[in-house]
Amino acid sequence: MHTLFLTSSFRRSASLVIGLLSLCLSINAQTGNATKTLTLSQAISIALDQNIALQRSALSLESRESNLSQAKADRNADLNFRVSESFGLSPSDNGGILEGEGDWNDSTSASLSSSLSLYSGGAREASIAQAKAELEAASLDYDYDRQSLLYNTVSLFLRTILLSKEITIQEEELSTRIEELERININVENGIRTQAESLRQQAQVSTSQRSLAQAQNNYANSLYALKNTLRIPAIAEIVCEDSNLGIASAATLSDPDLDQSLTSLEERVDLNAQKARLTSAEQNLLISKSGNRPSVTASASLSTSYSSKQTNNLSDQFFIDHPRASAGVSVNVPIFDRRRTQLNTTRSHISLQQEELQLEILQRAARTALYQANHNYHTAKLQLAASNEQLASTEAALEIERSRYEAGAATLLDVNSLRTSRLDAAIAVEVARSDLFTSRLEVAFQDGTIESFLQQTLQSSY
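Residues numbered from 1 in each chain as written. Predicted model: local features only at pLDDT ≥ 70, side-chain atom pairs only at ≥ 80, totals over all residues. Heavy atoms only, no water.

### Section: the overall build of the protein chain
Along its length, the protein chain carries 12 helices and six strands. Per-residue burial over the protein chain gives 38% buried out of 462 residues. Contacts spanning at least 24 positions in sequence make up 80% of the contacts within the protein chain whose residues lie at least 6 apart. Looking at the protein chain as shown, the accessible area adds up to about 25,700 Å², and 51% of this sits on carbon and sulfur atoms. (Helix = DSSP H or I, 4+ residues; strand = E, 2+ residues; numbered from the N terminus. Buried < 20%, exposed > 50% of the residue type's maximum accessible area, 1.4 Å probe, protein only. Contact = heavy atoms within 4.5 Å. Areas by Shrake-Rupley, 256 points an atom, 1.4 Å probe, with all protein chains shown as cover.)

### A look at the nonpolar core
Core analysis: the largest hydrophobic core is formed by 54 residues, its most contacted members being Ile44, Val154, Phe157, Leu230, Ile450 and Leu454. Leu398, Ala410, Leu412 and Val415 belong to the second-largest nonpolar core, a separate cluster that totals eight residues. (Core = buried A, V, L, I, M, F, W, Y, C linked by side-chain atoms within 4.5 Å.)

### Focus on helix α7 (residues 258-265)
Listed as buried for α7 are Ser261, Leu262 and Leu265. Seen end-on, α7 carries its buried residues on one side only, within an arc spanning 100°. Exposed residues pointing more than 90 degrees away from the buried face of α7 are listed as Asp259, Gln260 and Thr263. If you follow the buried residues of α7, they end up packed against α8 (269-289), α10 (340-406) and α11 (412-446). Measuring from the side-chain oxygen of the N-cap residue of α7 to the backbone nitrogen of Asp259 gives 3.1 Å; that N-cap residue is Asp257. (Arc of directions from axis to C-beta. Polar contact = N/O pair within 3.5 Å; in protein donor to acceptor, adjacent residues only side chain to side chain.)

### Examining the environment of Ser434
In this structure, Ser434 sits in helix α11. With a relative accessible area of 11%, Ser434 lands in the buried category. Each C-alpha atom, one on Ser434 and one on Arg159, is 7.5 Å from the other, the two residues being 275 residues apart in sequence. If we skip the residues at most four places from it in the chain, Ser434 touches Leu158 and Leu162.

### As for the sheet that holds strand β5 (residues 295-307)
Sheet architecture is open: four strands sit in the order β2-β3-β5-β6, paired in antiparallel fashion. With one partner strand each, in any of the chains shown, β2 (78-90) and β6 (324-332) form the two edges of the open sheet. Averaged over all pairs of adjacent strands, the angle between their axes in this sheet comes to 20°, without regard to strand direction. The strands that helix α9 (residues 314-321) touches are β3 (103-119) and β5; relative to β5, the one it contacts most, it runs at about 155°. (Pairing = 2+ DSSP bridges. Axes fitted to C-alpha atoms, helices over the stretch in contact; angles between N-to-C directions.)

### Considerations on the pattern of salt bridges
A side chain with one charge may pair with a side chain of the opposite charge, provided their charged atoms come close. Under the definition given, this model contains 17 salt bridges. In this structure, the salt-bridge partner of Lys381 is Asp255, at a minimum N-O distance of 3.0 Å. With Lys381 in helix α10 and Asp255 in the loop between α6 (245-250) and α7, this residue pair connects regions lying 126 residues apart in the sequence. Through salt bridges with shared partners, one network takes in Lys165, Asp242, Glu430 and Arg433. (Salt bridge = Lys/Arg side-chain N within 4 Å of Asp/Glu carboxyl O.)

### With respect to the packing of aromatic side chains
One pass over the full model with this rule turns up three aromatic pairs. Ring centres 5.0 Å apart and planes at 15° place the aromatic pair Tyr151 and Phe445 in the stacked group. Note that Tyr151 is positioned in helix α4 (residues 123-189) and Phe445 in helix α11, a separation of 294 residues in sequence. When its relative accessible area of 17% is taken as the criterion, Tyr151 is described as buried. Every member of this aromatic cluster is reached through a ring pair, and the members are Tyr144, Tyr151 and Phe445. Above the ring of Tyr405, the side-chain terminus of Arg193 is found at 4.0 Å from the ring centroid. (Phe/Tyr/Trp six-rings, centres within 6.5 Å; stacked < 30°, edge-to-face > 60°. Lys NZ or Arg CZ within 6 Å of the ring centre and 35° of its normal.)

Shown next as structure tokens:
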């Protein structure tokens, strides 16, 4: 668990770094400078530094820390100083104020008072415990938001690389089909092929062009989503560096240990955050029940005053004649509060039950998600093996069919059908490689070990 307490100087430094990076990216985009290339480790670091949702979570943590400080401060005595000055017009010996007669007078008073709650029916202690639980929940929420950001950033980064590879495959396929069309057109002119074959091949070229345009659009949208997550201006030009992470890791990834993952799941930060909220609800119930209990408060005051009606001067009145001091203890015993305490207790009990049910919902959902992620990983592993076999088979079959077509033993339709199958197989291999890593990453996210998994995989602390 990470506990974050941001200081004002850190926030200013972070804002400065963010501003400078955003400015540099904007200048690069506007002046046509070299496109910024990002590695996966760099993307993760930028996301952790700049993501707005994570910064909001950090501010929520700061707010909870302030609430705890306030709850602790309520244990201390308060001290208040009050001074007042008033002017009045009163009847004189010559007549009343409505007759145009009267004497002006002024009076001044000052007081210093303090009070201390000696016993509040347990509400004060419960308030501190509640604030601590809320602070712990906010800290754990921040950790979970951090883990979610890691998962989303890596997933978006790998998807962007995958779509980039799909564009490359589509471009190669389009180039091959254009070359094939040119050869067919030459053969049509020489009377070797028919015009129908040329038209069929032209249709294949158009299909490849449409597929390429769609792949390029998907890639652009994925880049926009990644830039939004990293808080990079949409106009900035970035390229994700293909470190072959998914390809290299596909054969070396360790299979998840389900039993170990189930053990780790019990300490998942979002579940612990909900347990902390449950503790907060329990303390809130104690606060509500304290309304039926007596409270004890100690108080003390020191006051003095001055009036112009009196003959003594200000100094004598303020410091000799009028100073008064008092101290006392008051006990408040609630007798009838129009059922306010009873209703507050009922509402607090309902809130407690809601938090208990929410914890059960989260625990069930977390366990189900872990089983699903584990199943998805093993499915992706099988799909990668099958995709590799399919690609090898279709490439071999395509070479044979092209030779048969050149010899006149096969039709162009047969060749194009196999070429389409080879294209699908090549894309399927890249998808399966990416899915294998992403599904393994999801297992680590679901059991709460995503940070250690990424650090081991990337060999970087980002």
